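Coordinate inspection notes
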Amino acid sequence: MCGQRDFAAMSNYEPSQVAKAALVAASNGLQMGNSKSKRDTRFSVAALWSMAAENDNEVDDDLTKSQKQLRDLKLKISAQSKRNFVLERDVRYLDGRIALLIQNRMALHEQQEVASHLEEIEVSDGSVIEDRKRQLYGNLFYLLQAEPRYMAGLARQVTLAEIDTLLQTIMFTLYGNQYETREEYLLLSMFQNVLAAEFEGATSFSGLMRANTPVSRMMTTYTRRGPGQTYLKGVLSERVNKLIELKDLNLEINPLKVYEQMIQDIEQAQGSCDLPKSVTPEVAGANPDVQAIIQPRVKTLMEIGASFLSIIMSSLDQVPYGIRWICKQIRSLTKRKYPEASESQKCSLIGGFFMLRFINPAIVTPQAYMIVEGTAQKNPRRTLTLVAKLLQNLANKPTHLKEPYMAVLNPFVEHNEGRFNKFLNDLCEVGDFYEALEMEQYVALSKKEIDLNINLNEIYTTHGLLLQHIDTLCPSKDDHLRIILNDLGVAPQQISRVDNKTIPLQLFSRWDQTNITDTTSAAAADSLTQGEFLYYDTKALFVQVLRLNPSFAQKRPLHLPKIAELTATSRDPSMVTKGLKLIDMLQEIERLGLVNQNDGFKLLVEEITDELQHLGNLREKVERELSSLAQVYKTIQDHNEYLKSQLDTYKSYLQNVRVQSGPSKASTKPHGPVKYTHQKLEQEGVIAESSVPESRRANIFFEISTPSPGAFLIALNYKGREKAILEMDLKLDDLLEKQQQGGAVLDLEYVKLDIGKTLQLLNKVFLKK
């Protein structure tokens with residue numbers, strides 16, 4: 001190696017942005033590394049150029065096109081996931097109010113409040129923050145993203161009422177690019193802070209991670225991000241769908257419910273029953289007939305539970321890294337906080353997160369997790385709940401005080417406890433990401449801009465919450481967060497959804513020191529020659545040129561001077577510049593003794609060849625990921641449509657309540673009738689079951705009209721007959737109440753209508769604004 005040499009003395013050489021980021025990396029102790037030995041780990045300064053080459057904006061080859069498609073798709077998935085989160089939050093909000101609406105006990109001003117909560121879900125883009133404030137917010141959110149401890153501290157301070165709004169900002173905006181490694185690692189760093197504080201503040205082992213707190217809500221929300229959803233659908237979908245098809249399979253094992261159903265069956269068959277109707281669970285459980293019904297059901301349930309357990313345990317390698325890493329932190333923190341805890345106790349905490357927060361919600365409500373398309377009928381729905389309870393018992397080892405009837409499934413827990421605990425421990429066997437995160441941070445420094453798409457209310461809410469807890473989060477007056485908050489001043493008030501525009505916020509730090517150009521002294525401090533930077537920039541430029549002109553690389557081994565000459569004599573002016581630069585750079589690194597023309601620049605040729613091979617393999621990987629995520633995006637879009645239909649139904653109901661509660665501008669004119677064939681409603685899924693003979697279905701049609709707001713008349717007609725065979729009056733209130741109570745179908749004597757699909761149809765045809 002040659003001695004230090006100033007960059008300015010090198011002919012035509014301006015250090016690249018990657019070189020500047022590499023300088024910071026080297027100054028912070030990252031080793032220079034060898035590209036061959038470090039290819040897989042990529043925790044060296046040398047690897048920075050390789051990672052930068054993967055996303056070279058100047059190149060437009062097949063890899064770059066696929067990478068752009070992949071980036072765009074990931075951004076679409078992240079944006080759609082955020083929209084779904086908002087919609088799900090609105091649905092949850094109304095789920096808590098719908099009972100009051102059905103009973104008409106909500107005051108008019110409350111109805112208007114709920115209605116306004118749902119308006120203008122889709123917000124427009126725009127820019128309404130003046131430049132100085134915009135720059136300060138860019139400083140603020142750069143700091144919050146790069147220093148996860150601040151948001152971790154804030155998440156522990158907020159109330160349950162505030163957490164969902166904060167989680168929207170954290171999970172789907174600040175770290176919203178769910179497939180971007182750097183953001184994922186930063187988010188996990190935040191979780192490490194949150195979990196460490198949670199364990200530190202714990203007063204008893206039994207209370208750890210059990211209650212519904214902002215922290216537990218945070219962990220549940222994390223599992224709903226793209227990678228977690230993809231895993232759940234891939235692993236559980238086939239098994240859950242098969243179970244849902246078994247509509248008549250009744251596996252109820254609660255003795256009281258079995259007893260009540262037995263009496264109903266006897267009365268239906270014989271007209272009466274001598275058994276007492278009101279009995280205690282103990283009396284019901286002691287009934288020999290009840291025991292005879294339950295016994296085979298227990299066996300079947302354990303078989304189904306075993307099949308679910310097998311697919312979960314065999315999917316270890318598919319579990320997203322972040323989920324496994326959180327499991328690892330839970331185990332590590334438990335060992336430190338409670339060293340005397342038994343293996344079973346430690347596994348109960350890991351299982352509490354993995355099963356209670358991640359797996360079981362998807363089993364109990366598969367539609368909400370995009371695992372199934374239709375709504376499960378009563379029997380399969382109950383079976384899924386019992387399976388989830390069974391698996392949760394395996395994770396938590398409960399005493400069955402609340403549900404003593406579940407004790408009959410103890411043999412399943414005893415038989416599988418050992419291997420399930422091993423699985424939970426295997427989940428924790430993943431490497432840490434700290435070195436990889438450090439590397440990703442340097443890669444981020446090599447990029448000119450980091451942008452964040454964020455809406456105004458997210459900015460204002462975060463600003464307000466930070467100010468509210470400023471003394472806890474940053475007690476020192478010299479803390480960067482306090483300095484920025486002082487500059488920003490009072491947080492603006494929340495604005496309406498109509499005005500809540502989404503803006504692109506450029507993130508940067510006023511304390512950033514990466515844009516230095518006089519790098520000699522810092523490099524010298526780490527025994528790093530400027531020639532090494534030049535060497536890697538030369539390699540990167542050769543790789544770029546060969547990607548732009550693949551024909552130059554057809555002859556092997558590569559003849560670098562010839563490639564530089566061909567590039568310099570190209571008809572493309574930009575290529576000519578690159579070629580002349582390559583000639584100078586090649587001469588310079590040879591003069592510095594870093595390469596030798598006599599051996600054909602062997603070392604550099606080998607590294608360039610390796611890099612091109614890596615990029616070729618990378619393209620195949622990108623193509624596979626692109627195909628996989630395209631399906632994920634479609635599933636998320638479908639779920640978005642489902643959520644929208646739910647909200648549309650709620651909106652329609654609110655409109656009906658407003659019409660009935662007082663003066664309204666809504667039209668009171670009758671509408672319809674609208675005609676539908678039996679075949680059409682069957683295709684749309686509105687008809688769930690039909691007793692009409694196949695030969696007569698072509699002659700059956702339905703007419704639906706709305707004589708007044710919220711009221712409907714459904715008439716079943718037969719071609720050639722003047723009068724309807726059957727007419728039924730329906731109120732939107734009644735349908736919603738049936739749906740709220742878990743009703744799946746509406747019986748019209750000859751046909752049974754799916755309540756959910758019927759509501760969607762009525763909303764689509766009659767209740768549009």
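Residues numbered from 1 in each chain as written. Predicted model: local features only at pLDDT ≥ 70, side-chain atom pairs only at ≥ 80, totals over all residues. Heavy atoms only, no water.

**Focus on the overall build of the protein**
Basically, it comes down to this: The secondary structure listing takes helices from DSSP runs of H or I that are at least 4 residues long and strands from runs of E that are at least 2 residues long, numbered from the N terminus. Residue burial is assigned from relative accessible area. The probe radius is 1.4 Å, only protein chains are included, and a residue is buried under 20% of its type maximum, exposed over 50%, and partly exposed in between. By the convention used here, residues are in contact when the closest approach between their heavy atoms is within 4.5 Å. Each accessible area is a Shrake-Rupley result for a 1.4 Å probe, and residues are judged covered by the shown protein chains and nothing else.
Counting secondary structure elements, the protein contains 30 helices and 9 strands. Within the protein, the proportion of its 769 residues that are buried is 49%. Here the analysis covers contacts within the protein between residues at least 6 apart in sequence; of these, 76% occur between residues at least 24 apart. For the protein, the accessible surface area stands at approximately 37,000 Å², while carbon and sulfur atoms represent 49% of it.

**Some words on the pattern of salt bridges**
Put simply, the test is: Salt bridge, as used here, is a side-chain nitrogen of Lys or Arg placed within 4 Å of a carboxyl oxygen of Asp or Glu.
Scanning the entire structure with this criterion turns up 24 salt bridges. Of the charged contacts, one joins Glu184 and Arg225 as a salt bridge, the two residues approaching to 3.3 Å between their closest N and O atoms. With Glu184 in helix H9 (residues 181–200) and Arg225 in the loop between helix H10 (214–223) and helix H11 (226–244), this residue pair connects regions lying 41 residues apart in the sequence. The pair Glu184 / Arg225 is uniform in exposure class, with both members buried. Across the pair Glu252 and Arg382 runs a salt bridge, and its minimum N-O distance is 2.7 Å. Placement of Glu252 in the loop between H11 and helix H12 (255–270) and of Arg382 in helix H17 (residues 378–396) is noted, with a sequence separation of 130 residues between them. Accessibility classification places Glu252 together with Arg382 in one group, the buried group. One salt-bridge network, in which partners are shared between bridges, spans Glu682, Glu694 and Arg697.

**Here's the deal with the nonpolar core**
Counted only if it meets this: Put simply, buried Ala, Val, Leu, Ile, Met, Phe, Trp, Tyr and Cys residues joined by side-chain atoms within 4.5 Å make one nonpolar core.
Among the nonpolar cores identified, the biggest contains 127 residues, and Leu140, Phe141, Leu236, Phe308, Ile326, Phe354 and Leu481 are the most heavily contacted of them. No other element matches helix H16 (residues 343–364), which puts 10 residues into this core. The residues contacting Leu236, other than those within four sequence positions of it, are Phe308, Ile311, Ile312, Ile359, Ala362, Ile363 and Ile371. Core analysis: the second largest hydrophobic core is formed by 40 residues, Met370, Met575, Val605 and Leu618 among them.

**Let's talk about empty space enclosed by the protein**
This is how the line gets drawn: Here a cavity denotes grid points, spaced 1 Å and computed from the protein atoms alone, that fit a 1.4 Å probe unable to get out, and a pocket denotes an open set having protein on both sides within 12 Å along at least 5 of 7 lines; residues with an atom within 4 Å of a point are the lining. Grid points are joined across faces, edges and corners, and a volume is the space filled by probe spheres set on the points. Classification used: nonpolar for Ala, Val, Leu, Ile, Met, Phe, Trp, Tyr, Cys and Pro, charged for Asp, Glu, Lys and Arg, polar for all others including Gly.
Evaluated as defined, the whole model comprises 6 cavities of 30 Å³ or more. Estimated volume of the largest cavity: approximately 110 Å³. Among the elements of the structure, helix H3 (62–95), H11 and helix H27 (602–661) are those that each provide at least two residues to the lining of the largest cavity. For the lining of the largest cavity, the class distribution of residues is 4 nonpolar, 6 polar and 3 charged.

**Focus: the sheet that holds strand S9 (residues 751–754)**
Inclusion rule: One requirement defines pairing of two strands: DSSP has to find at least two bridges between them. Only the stretch in contact is used when fitting a helix axis, every axis being a line fitted to C-alpha atoms; angles between N-to-C directions are given from 0 to 180 degrees.
In space, the 3 strands of this open sheet follow the order S4-S9-S8, with antiparallel pairing throughout. Two strands in the sheet have a free side with no partner beyond their single neighbour: strand S4 (687–690) and strand S8 (745–747). On average, adjacent strands in this sheet sit at an angle of 25° to one another, irrespective of strand direction. Pairing analysis gives 3 bridges linking S4 to S9, with the strands arranged antiparallel. In the sheet register, Ile687 faces S9, and the bridge partner there is Leu753. Each of S8 and S9 touches helix H30 (residues 755–766); the most contacted strand, S9, lies at about 70° to it.

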